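Here's the letter readout for the chains.
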Amino acid sequence: MKIDSATKNEIRSFLKQEFEREAEKIIVFSPFYLEAEEKKLIQTIMPEAKKRPFENILDHGILAGIIIKKGSRVLDLSINAKLKKLETDLYETR
Amino acid sequence: MEQLGLDSKLLVAQIVNFALFFYLFKRFMAEPLAGFISKQRREEDERERLIATLAEKETKLEEKTRESDLKMRREVSEVLSKARMEAEKLRQEIVLRAKREAEDLVEKGKGAVEEEREAMEKELKKKFARLAVSVVEEGLKEYITPSSKKELTGYILKQASQKSKFAKTHEN
């Protein structure tokens, strides 16, 4: 299937925009829906969250705490991460 | 003379005959015969000399054969004893090499056993850590209520925000 160059450029710029939007998107995973106070604290931790609203997704796998995902960066503030670190520390001690 | 039975004429004829015969013999036969006899004697001497030489040579040859026989026996025995020594040396080398190889194998085996033991220990530690954390996780899942979940989350967020404020102050 031959695509003309104008359509190609349009698709390219659209995909670029989508990619940039995804890179800027902030998603917060939490074991319950966050309230205003908690959202304020998140904005203190991540000032970029002040510029645009972030998406809050429920994740029942998280025992407590939250996981913030921005683009490809992940900030894990959950207890699950602490337990994982504890496991690694236990395994690595002589 | 006739009384004795001798004929003088015959006697004279016989004496003349004998003298003639003697003269002819001496003139024509004595020398060649003497030459022939001396030749025969010379040849006999020559033969005897040759026989003596041959006997001497035979003796010498026998002696030489005996000597070379002895020499050969000595050389053979030397070669045999050398070969025996070499074989013994080789046998000892082989035994030593085999011993060393066996020791190496034992060492390697020990090393392998040690490595395996360490690997097993690591695996056990890993499993133990996993088990311990799983128990804690399950315990927490049972223990944490929705309200304590909120409390904990709030506490974690406060701690994180304080740390982030501290980091910003230090940056400034």
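Let's shift gears to helix 2 (residues 36-45) of chain A. Residues and elements named next belong to chain A. Regarding helix 2, the residues found buried are E38, L41, I42 and I45. Projected down its long axis, helix 2 carries its buried residues within an arc of 105°, all on one side. Of the exposed residues in helix 2, the ones pointing more than 90 degrees away from its buried face are A36, E37 and K40.

Right, let's talk about the sheet that holds strand 1 (residues 26-30) of chain A for a bit. Residues and elements named next belong to chain A. One open sheet holds the four strands; their spatial order is 2-1-3-4, and the pairing between them is mixed. Pairing within the sheet leaves two strands with one partner each, and these edge strands are strand 2 (55-58) and strand 4 (73-78). Strand after strand, the sheet turns through a mean of 20° between neighbouring axes, direction not considered. Note: strand 1 against strand 3 (residues 65-70), four bridges, orientation antiparallel. Looking at strand 3, one finds that V28 is bridged to I68.

This brings us to the side chain of K149(B). Along the chain, the position of K149(B) falls in helix 2 (residues 146-171). This buried residue, K149(B), is left without a salt bridge; D59(A) holds the nearest opposite charge, at 9.3 Å. If sequence neighbours within four positions are ignored, K149(B) has contacts with P31(A), F32(A), I62(A), L63(A), A64(A) and I144(B).

Analysis parameters
Residues numbered from 1 in each chain as written. Chains lettered and ligands numbered in written order. Predicted model: local features only at pLDDT ≥ 70, side-chain atom pairs only at ≥ 80, totals over all residues. Heavy atoms only, no water. Buried < 20%, exposed > 50% of the residue type's maximum accessible area, 1.4 Å probe, protein only. Helix = DSSP H or I, 4+ residues; strand = E, 2+ residues; numbered from the N terminus. Arc of directions from axis to C-beta. Pairing = 2+ DSSP bridges. Axes fitted to C-alpha atoms, helices over the stretch in contact; angles between N-to-C directions. Lys, Arg positive; Asp, Glu negative; His and termini not counted. Salt bridge = Lys/Arg side-chain N within 4 Å of Asp/Glu carboxyl O. Contact = heavy atoms within 4.5 Å.

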